[in-house]
Amino acid sequence: METRFARTADGVTIGYQVLGRGPALVWMPSLSNVTAQWRIPALRAAYEALARECTLVLYDGRGTGASSREIDLSDLGVEAHLRDLTAVLDATGLRRATLLGYYHSVATAIAYAAAEPRRVERLILYGGAARMDEAMQPAQTRALLSLVDQDWSLFADAAATAWLGWDGTESGRWTAEAFRTATTPAIAKAWFSAARDIDVTPLLPKIEAPTLVLHRQGTQQIPADVFRRLTGAIPGARLVELPGSTPTLFVEDPAADLSLVTGFVTDGRISRTTVTGALTRREHEVLHRLAAGDSNAEIGDKLGIAVHTVERHLANIYRKLGVRGRTAAVAYALRGV
(Lines give C-alpha, C1' and ligand atoms only; values in the text may rest on other atoms or scores of the structure.)
Protein backbone atom coordinates (compact mmCIF):
# COMPACT_ATOMS: atom_id res chain seq x y z
CA MET A 1 0.00 0.00 0.00
CA GLU A 2 1.43 3.36 -1.06
CA THR A 3 2.20 5.82 1.72
CA ARG A 4 1.76 9.48 0.80
CA PHE A 5 2.80 12.53 2.77
CA ALA A 6 1.07 15.69 3.93
CA ARG A 7 2.58 18.78 5.54
CA THR A 8 1.01 20.35 8.62
CA ALA A 9 0.73 24.08 9.24
CA ASP A 10 3.72 23.88 11.58
CA GLY A 11 5.86 21.95 9.09
CA VAL A 12 5.50 18.35 10.33
CA THR A 13 5.38 15.59 7.70
CA ILE A 14 2.46 13.18 8.14
CA GLY A 15 2.34 9.78 6.44
CA TYR A 16 -1.07 8.63 5.22
CA GLN A 17 -2.73 6.02 3.00
CA VAL A 18 -5.95 6.07 1.00
CA LEU A 19 -7.75 3.01 -0.35
CA GLY A 20 -11.20 2.02 -1.55
CA ARG A 21 -14.09 4.11 -2.77
CA GLY A 22 -17.37 5.39 -1.42
CA PRO A 23 -18.17 7.52 1.65
CA ALA A 24 -14.97 8.62 3.37
CA LEU A 25 -13.92 7.10 6.69
CA VAL A 26 -10.83 8.51 8.40
CA TRP A 27 -9.45 6.05 10.97
CA MET A 28 -7.60 8.37 13.32
CA PRO A 29 -4.47 7.06 15.05
CA SER A 30 -3.38 6.38 18.56
CA LEU A 31 0.24 5.20 18.86
CA SER A 32 0.41 3.91 15.29
CA ASN A 33 2.55 2.47 12.56
CA VAL A 34 0.17 1.92 9.67
CA THR A 35 2.75 0.18 7.45
CA ALA A 36 3.52 -2.38 10.17
CA GLN A 37 -0.18 -2.75 11.03
CA TRP A 38 -0.85 -4.09 7.52
CA ARG A 39 1.17 -7.18 8.53
CA ILE A 40 -1.32 -8.03 11.30
CA PRO A 41 -3.87 -10.42 9.72
CA ALA A 42 -6.90 -9.10 11.63
CA LEU A 43 -6.14 -5.47 10.84
CA ARG A 44 -5.29 -6.18 7.21
CA ALA A 45 -8.63 -7.98 6.83
CA ALA A 46 -10.41 -5.04 8.50
CA TYR A 47 -8.73 -2.47 6.26
CA GLU A 48 -9.61 -4.44 3.13
CA ALA A 49 -13.21 -5.02 4.23
CA LEU A 50 -13.73 -1.35 5.10
CA ALA A 51 -12.25 -0.31 1.75
CA ARG A 52 -14.86 -2.38 -0.07
CA GLU A 53 -17.55 -0.08 1.36
CA CYS A 54 -15.73 3.19 2.03
CA THR A 55 -12.87 5.42 1.01
CA LEU A 56 -10.62 4.51 3.93
CA VAL A 57 -7.96 6.97 5.09
CA LEU A 58 -5.27 5.80 7.50
CA TYR A 59 -2.51 7.99 8.89
CA ASP A 60 0.25 8.11 11.48
CA GLY A 61 0.20 11.01 13.93
CA ARG A 62 3.26 13.20 14.40
CA GLY A 63 6.19 11.35 15.88
CA THR A 64 4.85 7.92 14.95
CA GLY A 65 5.02 5.46 12.07
CA ALA A 66 5.96 7.02 8.75
CA SER A 67 5.41 10.56 10.04
CA SER A 68 8.23 12.85 11.10
CA ARG A 69 9.97 11.88 14.34
CA GLU A 70 11.62 15.31 14.62
CA ILE A 71 8.88 17.03 16.59
CA ASP A 72 8.43 19.36 19.53
CA LEU A 73 7.81 17.02 22.47
CA SER A 74 6.22 19.86 24.42
CA ASP A 75 3.55 20.30 21.71
CA LEU A 76 1.52 17.08 21.69
CA GLY A 77 -1.85 18.33 22.88
CA VAL A 78 -5.11 18.47 20.96
CA GLU A 79 -4.08 21.44 18.83
CA ALA A 80 -1.07 19.53 17.48
CA HIS A 81 -3.19 16.50 16.63
CA LEU A 82 -5.77 18.73 14.97
CA ARG A 83 -3.04 20.07 12.69
CA ASP A 84 -2.19 16.49 11.69
CA LEU A 85 -5.81 15.65 10.86
CA THR A 86 -6.36 18.90 8.96
CA ALA A 87 -3.25 18.30 6.85
CA VAL A 88 -4.42 14.80 5.91
CA LEU A 89 -7.96 15.92 5.04
CA ASP A 90 -6.62 18.77 2.93
CA ALA A 91 -4.10 16.53 1.16
CA THR A 92 -6.76 13.95 0.27
CA GLY A 93 -9.15 16.63 -0.98
CA LEU A 94 -11.96 15.31 1.22
CA ARG A 95 -14.56 17.94 2.00
CA ARG A 96 -16.53 15.74 4.37
CA ALA A 97 -15.73 12.48 6.13
CA THR A 98 -16.76 10.24 8.97
CA LEU A 99 -14.14 10.27 11.71
CA LEU A 100 -13.29 7.13 13.66
CA GLY A 101 -11.66 8.38 16.85
CA TYR A 102 -9.71 5.46 18.29
CA TYR A 103 -8.31 5.54 21.84
CA HIS A 104 -5.89 8.51 21.97
CA SER A 105 -7.58 10.21 19.01
CA VAL A 106 -11.09 10.24 20.52
CA ALA A 107 -10.52 13.70 22.02
CA THR A 108 -9.10 14.98 18.73
CA ALA A 109 -12.13 13.69 16.81
CA ILE A 110 -14.43 15.43 19.29
CA ALA A 111 -12.51 18.70 19.01
CA TYR A 112 -12.52 18.63 15.20
CA ALA A 113 -16.24 17.77 14.98
CA ALA A 114 -17.05 20.70 17.29
CA ALA A 115 -14.81 23.15 15.39
CA GLU A 116 -15.53 22.02 11.81
CA PRO A 117 -19.10 20.68 11.68
CA ARG A 118 -19.33 21.14 7.90
CA ARG A 119 -16.47 18.71 7.33
CA VAL A 120 -17.66 15.91 9.63
CA GLU A 121 -20.35 13.64 8.19
CA ARG A 122 -20.54 11.28 11.18
CA LEU A 123 -18.51 10.49 14.26
CA ILE A 124 -17.53 7.10 15.68
CA LEU A 125 -15.74 7.04 19.05
CA TYR A 126 -14.04 3.97 20.50
CA GLY A 127 -11.79 3.34 23.48
CA GLY A 128 -11.05 6.88 24.64
CA ALA A 129 -12.70 9.73 26.50
CA ALA A 130 -13.27 13.46 26.32
CA ARG A 131 -11.10 13.75 29.42
CA MET A 132 -8.28 11.47 28.43
CA ASP A 133 -7.10 10.88 31.97
CA GLU A 134 -10.27 8.82 32.49
CA ALA A 135 -9.14 6.39 29.81
CA MET A 136 -5.73 6.05 31.47
CA GLN A 137 -6.91 5.34 35.03
CA PRO A 138 -7.42 1.54 35.00
CA ALA A 139 -4.67 -0.23 36.97
CA GLN A 140 -3.79 -2.41 33.99
CA THR A 141 -3.21 0.64 31.80
CA ARG A 142 -1.11 2.39 34.45
CA ALA A 143 1.03 -0.72 34.82
CA LEU A 144 1.59 -0.88 31.07
CA LEU A 145 2.51 2.78 30.81
CA SER A 146 5.07 2.38 33.57
CA LEU A 147 6.97 0.05 31.23
CA VAL A 148 7.54 2.77 28.63
CA ASP A 149 10.56 4.07 30.53
CA GLN A 150 11.66 0.78 32.03
CA ASP A 151 11.63 -1.63 29.08
CA TRP A 152 10.28 -0.51 25.70
CA SER A 153 10.34 -4.00 24.19
CA LEU A 154 8.47 -5.45 27.16
CA PHE A 155 5.93 -2.62 26.90
CA ALA A 156 5.29 -3.55 23.25
CA ASP A 157 4.82 -7.24 24.08
CA ALA A 158 2.57 -6.49 27.06
CA ALA A 159 0.48 -3.95 25.16
CA ALA A 160 -0.05 -6.37 22.29
CA THR A 161 -1.47 -8.91 24.73
CA ALA A 162 -3.27 -6.75 27.28
CA TRP A 163 -4.73 -4.04 25.08
CA LEU A 164 -5.40 -6.05 21.94
CA GLY A 165 -5.90 -9.51 23.35
CA TRP A 166 -3.41 -11.31 21.13
CA ASP A 167 -1.05 -13.95 22.46
CA GLY A 168 2.22 -15.47 21.23
CA THR A 169 0.88 -16.39 17.80
CA GLU A 170 1.99 -14.79 14.53
CA SER A 171 -0.61 -12.05 15.02
CA GLY A 172 0.73 -11.36 18.49
CA ARG A 173 4.29 -11.07 17.25
CA TRP A 174 3.33 -8.69 14.42
CA THR A 175 1.22 -6.63 16.84
CA ALA A 176 4.08 -6.29 19.28
CA GLU A 177 6.37 -5.33 16.41
CA ALA A 178 3.91 -2.65 15.29
CA PHE A 179 3.95 -1.17 18.80
CA ARG A 180 7.72 -1.48 19.08
CA THR A 181 8.38 0.34 15.79
CA ALA A 182 5.57 2.89 16.15
CA THR A 183 7.80 5.46 17.82
CA THR A 184 10.59 5.94 20.36
CA PRO A 185 10.23 5.63 24.14
CA ALA A 186 10.86 9.37 24.53
CA ILE A 187 8.08 10.30 22.10
CA ALA A 188 5.70 7.74 23.61
CA LYS A 189 6.36 9.12 27.09
CA ALA A 190 5.64 12.65 25.84
CA TRP A 191 2.46 11.48 24.05
CA PHE A 192 1.04 9.82 27.16
CA SER A 193 2.11 12.67 29.43
CA ALA A 194 0.36 15.22 27.21
CA ALA A 195 -2.73 13.01 26.99
CA ARG A 196 -3.30 13.22 30.74
CA ASP A 197 -3.99 16.96 30.39
CA ILE A 198 -6.36 16.68 27.42
CA ASP A 199 -9.97 17.54 28.27
CA VAL A 200 -12.46 18.47 25.56
CA THR A 201 -15.55 17.94 27.72
CA PRO A 202 -16.86 21.52 27.16
CA LEU A 203 -16.99 20.81 23.41
CA LEU A 204 -19.32 17.80 23.64
CA PRO A 205 -22.63 19.77 23.49
CA LYS A 206 -21.39 21.53 20.32
CA ILE A 207 -21.15 18.35 18.23
CA GLU A 208 -23.71 18.32 15.43
CA ALA A 209 -22.65 15.16 13.58
CA PRO A 210 -24.56 11.92 14.22
CA THR A 211 -22.39 10.11 16.74
CA LEU A 212 -21.93 6.44 17.56
CA VAL A 213 -20.03 5.53 20.73
CA LEU A 214 -18.76 1.95 20.91
CA HIS A 215 -17.65 0.10 24.03
CA ARG A 216 -15.99 -3.28 24.44
CA GLN A 217 -13.73 -3.64 27.47
CA GLY A 218 -12.73 -6.27 30.00
CA THR A 219 -13.26 -5.83 33.74
CA GLN A 220 -9.73 -4.45 34.26
CA GLN A 221 -10.04 -1.87 31.50
CA ILE A 222 -12.02 1.35 30.95
CA PRO A 223 -15.34 1.24 32.86
CA ALA A 224 -18.53 1.38 30.81
CA ASP A 225 -19.65 4.45 32.79
CA VAL A 226 -16.96 6.51 31.02
CA PHE A 227 -18.62 5.79 27.67
CA ARG A 228 -22.13 6.26 29.06
CA ARG A 229 -21.26 9.74 30.30
CA LEU A 230 -19.59 10.54 26.98
CA THR A 231 -22.69 9.44 25.07
CA GLY A 232 -25.03 11.37 27.33
CA ALA A 233 -23.14 14.62 26.80
CA ILE A 234 -23.27 14.51 22.97
CA PRO A 235 -26.61 15.55 21.47
CA GLY A 236 -28.37 12.54 19.94
CA ALA A 237 -25.41 10.18 20.38
CA ARG A 238 -25.96 6.42 20.49
CA LEU A 239 -24.01 3.96 22.63
CA VAL A 240 -23.51 0.34 21.61
CA GLU A 241 -21.94 -1.91 24.23
CA LEU A 242 -20.37 -4.70 22.21
CA PRO A 243 -20.24 -8.22 23.63
CA GLY A 244 -16.81 -9.58 24.51
CA SER A 245 -13.80 -8.36 26.45
CA THR A 246 -11.04 -7.76 23.89
CA PRO A 247 -10.64 -3.97 23.96
CA THR A 248 -10.41 -3.38 20.23
CA LEU A 249 -12.51 -3.48 17.08
CA PHE A 250 -12.50 -6.03 14.26
CA VAL A 251 -10.83 -8.83 16.25
CA GLU A 252 -13.22 -10.60 18.63
CA ASP A 253 -16.26 -10.44 16.34
CA PRO A 254 -14.96 -8.87 13.12
CA ALA A 255 -18.03 -9.52 10.95
CA ALA A 256 -20.39 -7.85 13.43
CA ASP A 257 -18.02 -4.94 14.04
CA LEU A 258 -17.56 -4.35 10.31
CA SER A 259 -21.31 -4.49 9.68
CA LEU A 260 -21.91 -1.97 12.44
CA VAL A 261 -19.23 0.48 11.32
CA THR A 262 -19.86 0.29 7.57
CA GLY A 263 -23.62 0.54 8.06
CA PHE A 264 -23.20 3.71 10.09
CA VAL A 265 -20.67 5.23 7.70
CA THR A 266 -22.65 4.54 4.52
CA ASP A 267 -26.16 5.51 5.61
CA GLY A 268 -26.24 6.16 9.34
CA ARG A 269 -27.75 2.76 10.01
CA ILE A 270 -26.93 0.91 13.23
CA SER A 271 -27.10 -2.85 12.85
CA ARG A 272 -29.87 -4.28 15.03
CA THR A 273 -28.07 -7.61 15.22
CA THR A 274 -25.04 -5.95 16.75
CA VAL A 275 -27.01 -3.82 19.18
CA THR A 276 -29.22 -6.62 20.46
CA GLY A 277 -26.22 -8.94 20.51
CA ALA A 278 -25.00 -6.78 23.40
CA LEU A 279 -28.05 -7.77 25.47
CA THR A 280 -27.57 -10.58 27.96
CA ARG A 281 -29.70 -13.71 27.78
CA ARG A 282 -31.88 -12.47 30.63
CA GLU A 283 -32.30 -9.04 28.99
CA HIS A 284 -33.47 -10.77 25.81
CA GLU A 285 -36.04 -12.68 27.88
CA VAL A 286 -37.26 -9.50 29.56
CA LEU A 287 -37.50 -7.71 26.18
CA HIS A 288 -39.47 -10.64 24.75
CA ARG A 289 -41.97 -10.54 27.63
CA LEU A 290 -42.16 -6.74 27.36
CA ALA A 291 -43.05 -7.01 23.66
CA ALA A 292 -45.72 -9.58 24.57
CA GLY A 293 -47.46 -6.92 26.66
CA ASP A 294 -46.54 -8.14 30.15
CA SER A 295 -46.34 -5.73 33.06
CA ASN A 296 -43.22 -5.58 35.20
CA ALA A 297 -44.92 -7.75 37.82
CA GLU A 298 -45.96 -10.30 35.19
CA ILE A 299 -42.45 -10.39 33.73
CA GLY A 300 -41.08 -11.01 37.23
CA ASP A 301 -43.57 -13.83 37.90
CA LYS A 302 -42.90 -15.57 34.57
CA LEU A 303 -39.12 -15.30 34.84
CA GLY A 304 -38.93 -15.95 38.57
CA ILE A 305 -37.23 -12.66 39.43
CA ALA A 306 -38.14 -9.70 41.64
CA VAL A 307 -39.84 -6.62 40.20
CA HIS A 308 -36.87 -4.40 41.09
CA THR A 309 -34.65 -6.82 39.12
CA VAL A 310 -37.00 -6.47 36.15
CA GLU A 311 -36.70 -2.70 36.43
CA ARG A 312 -32.90 -2.93 36.47
CA HIS A 313 -32.93 -5.13 33.36
CA LEU A 314 -35.28 -2.70 31.62
CA ALA A 315 -32.99 0.24 32.39
CA ASN A 316 -30.09 -1.68 30.84
CA ILE A 317 -32.18 -2.58 27.78
CA TYR A 318 -33.25 1.03 27.20
CA ARG A 319 -29.65 2.21 27.46
CA LYS A 320 -28.24 -0.48 25.16
CA LEU A 321 -30.95 -0.01 22.53
CA GLY A 322 -30.66 3.76 22.73
CA VAL A 323 -34.38 4.22 23.45
CA ARG A 324 -36.09 6.37 26.06
CA GLY A 325 -38.67 4.05 27.52
CA ARG A 326 -41.05 1.11 27.40
CA THR A 327 -43.00 2.09 24.28
CA ALA A 328 -39.88 2.67 22.22
CA ALA A 329 -38.35 -0.61 23.37
CA VAL A 330 -41.50 -2.52 22.40
CA ALA A 331 -41.54 -0.82 18.99
CA TYR A 332 -37.88 -1.74 18.55
CA ALA A 333 -38.59 -5.38 19.43
CA LEU A 334 -41.63 -5.60 17.16
CA ARG A 335 -39.61 -4.38 14.16
CA GLY A 336 -37.97 -7.77 14.15
CA VAL A 337 -35.18 -7.69 16.74
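Everything here concerns the structure above.
Small disclaimer: the values here were computed from a predicted structure and weren't measured.

Caption draft 1: Representation of the environment of threonine 181. With respect to the helices, strands and loops of the structure, threonine 181 is situated in helix 8 (residues 170-182). Taking the C-alpha atoms as reference points, threonine 181 and alanine 36, 145 residues apart in sequence, are found 7.9 Å from one another. If sequence neighbours within four positions are ignored, threonine 181 has contacts with Asn33, Ala36 and Arg69.

Caption draft 2: Examining the pairing of strand 7 (residues 211-215) more closely. Taken across its five residues, strand 7 has five buried, putting it largely inside the fold. Sheet topology places strand 6 (residues 120-126) next to strand 7; four bridges connect them, and they run parallel. Each bridged residue has a counterpart across the sheet, and for isoleucine 124 the counterpart in strand 7 is leucine 212. With four bridges joining them, strand 7 and strand 8 (residues 238-241) adopt parallel strand pairing. The residue bridging valine 213 from the neighbouring strand is leucine 239, located in strand 8.

Caption draft 3: Looking closely at the nonpolar core. Counting residues in each nonpolar core, the largest one holds 99 residues, and the members touching the most others are Val26, Trp27, Leu99, Ile110, Leu125 and Leu214. Not counting residues up to four positions away in its chain, the partners in contact with leucine 99 are Val26, Met28, Leu85, Ala109, Tyr112, Val120, Arg122, Leu123 and Ile124.

Caption draft 4: Here's a closer look at helix 14 (residues 296-303). Here helix 14 has its buried residues at Asn296, Ile299, Gly300 and Leu303. Buried residues along helix 14 cover an arc of 100° about the axis, so they all sit on one side. Opposite the buried face of helix 14, by more than 90 degrees, sit the exposed residues Asp301 and Lys302. On its buried face, helix 14 sits against helix 13 (281-291), helix 15 (307-321) and helix 16 (326-334). Two residues or fewer past helix 14, glycine 304 is found with a positive phi of approximately 70°.

Caption draft 5: Region of interest: the pairing of strand 6. In terms of residue burial, strand 6 counts as a mostly covered element, since six of its seven residues are buried. Here strand 5 (residues 97-102) pairs with strand 6 via five bridges, running parallel. What sits directly across from glycine 101, in strand 6, is leucine 125.

Caption draft 6: Structural context of the packing of helix 13 against helix 14. Between helix 13 and helix 14, the shortest axis-to-axis distance is 10 Å and the interhelical angle comes to 130°. Taken together, the axis directions place helix 13 and helix 14 in an arrangement best described as oblique. Judged by the twist between their axes, the crossing of helix 13 over helix 14 is right-handed. Facing Arg282, Glu285, Val286, Arg289 and Leu290 of helix 13, the residues of helix 14 in contact are Ile299, Lys302 and Leu303. By residue class, the composition of the contact of helix 13 with helix 14 is four nonpolar, no polar and four charged.

Analysis parameters
- Starting afresh in each chain, residues are numbered from 1 along the sequence in its written order.
- Residues qualify for local features only when their pLDDT is at least 70, as the model is predicted, and side-chain atom pairs are given and counted only at 80 or more; totals for whole chains, interfaces and linings, by contrast, use all residues.
- With hydrogens and water stripped out, all remaining heavy atoms of the structure feed into the side-chain values.
- What counts as a helix is a DSSP run of H or I of at least four residues, what counts as a strand is a run of E of at least two, and both are numbered from the N terminus.
- Should any heavy atoms of two residues lie within 4.5 Å, those residues are considered in contact.
- Residue burial is assigned from relative accessible area. The probe radius is 1.4 Å, only protein chains are included, and a residue is buried under 20% of its type maximum, exposed over 50%, and partly exposed in between.
- Strand pairing is assigned whenever DSSP detects at least two bridges linking the two strands.
- The set of buried Ala, Val, Leu, Ile, Met, Phe, Trp, Tyr and Cys residues whose side-chain atoms join them within 4.5 Å is what this entry labels a nonpolar core.
- The directions from the helix axis to the C-beta atoms form the arc being described.
- Only the stretch in contact is used when fitting a helix axis, every axis being a line fitted to C-alpha atoms; angles between N-to-C directions are given from 0 to 180 degrees.
- Oblique is the label for any angle not covered by the other classes, which are roughly parallel (under 35 degrees), roughly antiparallel (over 145) and roughly perpendicular (65 to 115).
- By definition, any crossing whose near helix is turned counterclockwise from its far helix by less than a right angle is left-handed, and any crossing with a clockwise turn is right-handed.
- Here the nonpolar group is Ala, Val, Leu, Ile, Met, Phe, Trp, Tyr, Cys and Pro; Asp, Glu, Lys and Arg are the charged ones; every other residue, Gly included, is treated as polar.

Any functional reading would require information beyond the geometric quantities listed.
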